[in-house]
Amino acid sequence: MNTTKTIKSALISVFSKDGLEPIVRKLHEQNVTLYSTGGTEDFIKNLGIPVVPVEDVTSYPSILGGRVKTLHPKVFGGILNRQDNDSDVQQMIEYGIPQIDLVIVDLYPFEKTVASGASEADIIEKIDIGGISLIRAAAKNFKDTVIIASVEEYSNLLALITNQNGGTTLEDRKLLAAKAFHVSSHYDSAIFNYFNTDDTILKQSISGGQILRYGENPHQKGYFFGDFDAMFKKLHGKELSYNNLLDVDAAVNLILEFKHDDPTFAILKHNNACGLATRDTMKAAYLDALAGDPTSAFGGVLISNGQIDADTASEINKLFCEVVIAPSYDEEAISILSEKKNRIILILNDVELPQQQVRTALNGLLVQDRNNITDNKNDLRTVTDTAPTAQQTDDLIFASKICKNTKSNTIVLAKNRTLIASGTGQTSRVDALKQAIEKAHTFGFDLKNSVMASDAFFPFPDCVEIANHAGVTAVIQPGGSIKDDLSINYCNENKVAMVFTGTRHFKH
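Just so you know, these numbers come straight off a predicted model, no measurement behind them.

Here strand E16 (residues 356-361) pairs with strand E17 (residues 364-369) via 6 bridges, running antiparallel. Each residue of the ladder has a partner; that of Gln356, found in E17, is Asp369. Connecting the antiparallel pair E16 and E17 is a turn made up of 2 residues, with Leu362 showing a positive phi of about 55°.

A few words now on the state of the cysteines. Working definition of a disulfide: a covalent bond connecting the sulfur atoms of two cysteines. For the structure on display, the rule yields 0 disulfides. Here Cys321 stays free of any disulfide, with the sulfur of Cys274 as its closest cysteine sulfur at 11 Å. Free cysteine: Cys491, not disulfide-bonded; nearest cysteine sulfur from Cys463 at 11 Å. With relative accessibility at 0%, the residue Cys491 sits in the buried group.

Here we take up the nonpolar core. Grouped together as the largest cluster of nonpolar side chains are 41 residues, with contacts concentrated most on Phe232, Val252, Leu276, Ile303, Ile325, Leu346 and Ile402. For this core, the leading source of residues is helix H12 (residues 242-256), giving 7 residues. When neighbours within four sequence positions are excluded, Ile303 is seen to be in contact with Ala251, Val252, Ile255, Thr264, Phe265, Ala266, Leu268 and Ile325. Listed in part, the 28 residues of the second largest apolar core include Val103, Ala138, Ala177 and Ala190.

Going through the model one piece at a time under the given rule, you end up with 18 salt bridges. Close ionic contact of Lys259 with Asp350 constitutes a salt bridge, the shortest N to O distance being 3.0 Å. Of this pair, Lys259 sits in the loop between H12 and strand E11 (264-269) while Asp350 sits in the loop between strand E15 (344-348) and E16, and the two are 91 residues apart along the sequence. Residue class for Lys259 comes out partly exposed when judged on its relative accessible area of 37%. By relative accessible area, which is 69% here, Asp350 ends up exposed.

Let's shift gears to the packing of aromatic side chains. For the coordinates displayed, the defined rule picks out 10 aromatic pairs. Between Phe15 and Tyr108 the ring centres are 6.1 Å apart and the planes differ by 75°, which places this aromatic pair in the edge-to-face class. With Phe15 in the loop between strand E2 (9-14) and helix H1 (21-29) and Tyr108 in the loop between strand E5 (102-106) and helix H6 (110-115), the pair connects residues that are 93 residues apart, well separated along the chain. The partly exposed category is assigned to Phe15, whose relative accessible area is 39%. Ring centres 6.3 Å apart and planes at 65° place the aromatic pair Phe110 and Tyr187 in the edge-to-face group. Here the residue Phe110 occupies a position in helix H6, and Tyr187 occupies one in helix H10 (residues 170-195), the gap between them amounting to 77 residues. Taking relative accessible area as the criterion, Phe110 reaches 2% and is therefore assigned buried.

This part covers the sheet that holds E15. What the 6 strands build is an open sheet, ordered E10-E15-E14-E13-E11-E12; its pairing is mixed. Looking at which strands have only one partner, the edges of the open sheet turn out to be strand E10 (232-236) and strand E12 (272-278). Across the sheet, the mean angle separating the axes of adjacent strands is 20° when strand polarity is ignored. Strand direction decides the pairing type here: strand E13 (residues 300-304) and strand E14 (residues 321-326), joined by 4 bridges, are parallel. Residue pairing in the sheet places Ile303 in a bridge with Ile325 of E14. Contacts from helix H13 (residues 282-292) reach E11, E12 and E13, with the element oriented near 30° to E11.

We now examine the sheet that holds E2. Read across the sheet, 5 strands follow the order E4-E3-E2-E5-E6 without closing on themselves; strand pairing throughout is parallel. Strand pairing shows two members of the sheet lacking a second neighbour, strand E4 (52-53) and strand E6 (146-148), which therefore form its edges. As paired elements, E5 and E6 share 3 bridges and run parallel to each other. In the sheet register, Leu102 faces E6, and the bridge partner there is Val146. Lying over the sheet, helix H8 (residues 130-140) contacts E2, E5 and E6, oriented at roughly 145° with respect to E5. Strands E2, E5 and E6 of the sheet are contacted by helix H9 (residues 154-163), whose axis makes an angle of about 160° with E5.

On to the pairing of E11. Within E11, 5 of the 6 residues are buried, leaving the element largely enclosed by the surrounding structure. Here E11 runs beside E12; their pairing, made up of 6 bridges, is antiparallel. Looking at the pairing, Phe265 lines up with Ala277 of E12. In textbook terms, the turn of a hairpin is the stretch between consecutive antiparallel strands, and for E11 and E12 this stretch comprises 2 residues, one of which, His270, has a positive phi near 50°. For E11 and E13, the ladder comprises 4 bridges, and the chain directions are antiparallel. Within E13, the position partnered with Ala266 by the bridge is Ile303.

Turning our attention to unusual backbone geometry. In terms of backbone geometry, most residues other than glycine have negative phi values and most peptide bonds are trans. Residue Asn409 is reached from Ser408 by a cis peptide bond, and omega for that bond is -10°. Of note, Asn409 is situated in the loop between helix H17 (390-404) and strand E19 (411-414). Of note in this structure, Arg417 is not a glycine but carries a positive phi near 55°. With respect to the helices and strands, the residue Arg417 is situated in the loop between E19 and strand E20 (419-423). The backbone phi angle of Lys495 is positive, close to 55°, even though this residue is not glycine.

This part takes up the environment of Asp455. For Asp455, the location among the structural elements is in the loop between strand E21 (450-454) and helix H19 (462-470). As a C-alpha pair, Asp455 and Lys318 span 137 residues in sequence and 34 Å in three-dimensional space. Not counting the four nearest positions on each side in its chain, Asp455 is found in contact with Cys403, Ser408, Asn409, Thr410, Arg429, Pro478, Arg504, His505 and Phe506. Among the polar contacts made by the side chain of Asp455, one reaches the side chain of Ser408 at a distance of 2.5 Å.

Another aspect to go through is helix H18 (residues 429-442). Under the 1.5 Å per step criterion, the end-to-end length of H18 is 20 Å for 14 residues, consistent within 8% with the ideal 20 Å. Along H18, the residues that are buried comprise Arg429, Val430, Ala432, Leu433, Ala436, Ile437 and Ala440. An end-on view of H18 places all buried positions within 160° of arc, on one side of the element. In this structure, H18 carries Glu438 and Thr442 as exposed residues pointing more than 90 degrees from its buried face. Looking at the buried side of H18, the elements it contacts are E19, E20, E21 and H19. Gly444, located one to two residues past H18, shows a positive phi value of around 75°.

Cut-offs used in this document
Residues numbered from 1 in each chain as written. Predicted model: local features only at pLDDT ≥ 70, side-chain atom pairs only at ≥ 80, totals over all residues. Heavy atoms only, no water. Pairing = 2+ DSSP bridges. Helix = DSSP H or I, 4+ residues; strand = E, 2+ residues; numbered from the N terminus. Disulfide = S-S within 2.5 Å. Buried < 20%, exposed > 50% of the residue type's maximum accessible area, 1.4 Å probe, protein only. Core = buried A, V, L, I, M, F, W, Y, C linked by side-chain atoms within 4.5 Å. Contact = heavy atoms within 4.5 Å. Salt bridge = Lys/Arg side-chain N within 4 Å of Asp/Glu carboxyl O. Phe/Tyr/Trp six-rings, centres within 6.5 Å; stacked < 30°, edge-to-face > 60°. Axes fitted to C-alpha atoms, helices over the stretch in contact; angles between N-to-C directions. Polar contact = N/O pair within 3.5 Å; in protein donor to acceptor, adjacent residues only side chain to side chain. Expected span 1.5 Å × (residues − 1). Arc of directions from axis to C-beta.

Dropping the structure here:
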């Protein structure tokens, strides 16, 4: 069965006229009758091409300041009629309704108007009524009607009518209908989210998903939905993988804790920091971060809170790493880092991250607020007889920032603004501590006068005891256990300083 239909009439009502002229000219060349209204009608007239005003069809002018133009049975009848239905055909004749084979719509820019900070009155006026109705009507009747629902489809339409001499197949029309329903649902979601104050309702519509090589493993499909180019400028390297993106996300969240600190460099592997240091120069910060765990650093993601210069880049170039991220680079650094053709080099833009975090769970989703609390000196409450020194306090805050961004259960050991070692993702806090101590010893670190950070409270004094025997002299933790006194008493007996923050930082 031949499902190809030739376009003989078109209704055009668009906000954006960019790219419209060649379509209009091609339709006119193919003897298509054009219907339009308002600014689009003027645009077509100015091209010297005949156009039938919608008002001539409906016998009603555009009214209410342009709010009502195309909402009329003679318009929607022309779009929605079923050409293989005898009753519809008879009613089209009876009521003098013109057939409309093609509808081209580009909606009022609601999201851009909201983003511009416009007044509510201006925002409300950018809620398209006629356009969204035309889209839904034409998409519903895709068996007979072609729908172009956004300026992004203009070039596609032009290619179709040029290559197929004004004809479209059922497959063409159904595909365009699917795209049109995406446009309408996305538009409605944006409007709902503008008005919504009920946090128990979640509507998200994200366009432009990127197909990744695969997911976490080669047998899994993977996609990224988001505006990567808003967050980063990619300077060099291969396409990022699913696992790369997870590591980059973890790296960005971690380095933002140190955004306003002295030069800081972090190295991550499987979403956790394996090296991090703050120094007077970026080169020194990198070298001391690398020393924290040079084994895990192989194939890792590297990120800094400041410019990477040529000296730092020369050191980085000695290491195999997947991704390097910084807010800026000098030209020589870019040249050095680009010597490895697959190495991904990114500039991190100053972009605010989403304030809600969403993940799948069971047969639904879990949604939570972003953890925006970063422990600082004002949050610390000394609960022991021994107070931390100024140096220890700096190290405690440093360790807490890393701890917040490490998989639970976690213990972080730090000294002189350097990550000495961490225990990550363990089923007990004691295991996490033992892992961190063993790792520190493996890489030759002296834990004497180091500090310890925990993402949650200690229900027993075992962790502070083990840490103290290893050389830890100051501890930061949320507190809040009914047995806090056990840990406090041990610290008092052994002259260990301990501070409570009052904030837990689980990360699962």
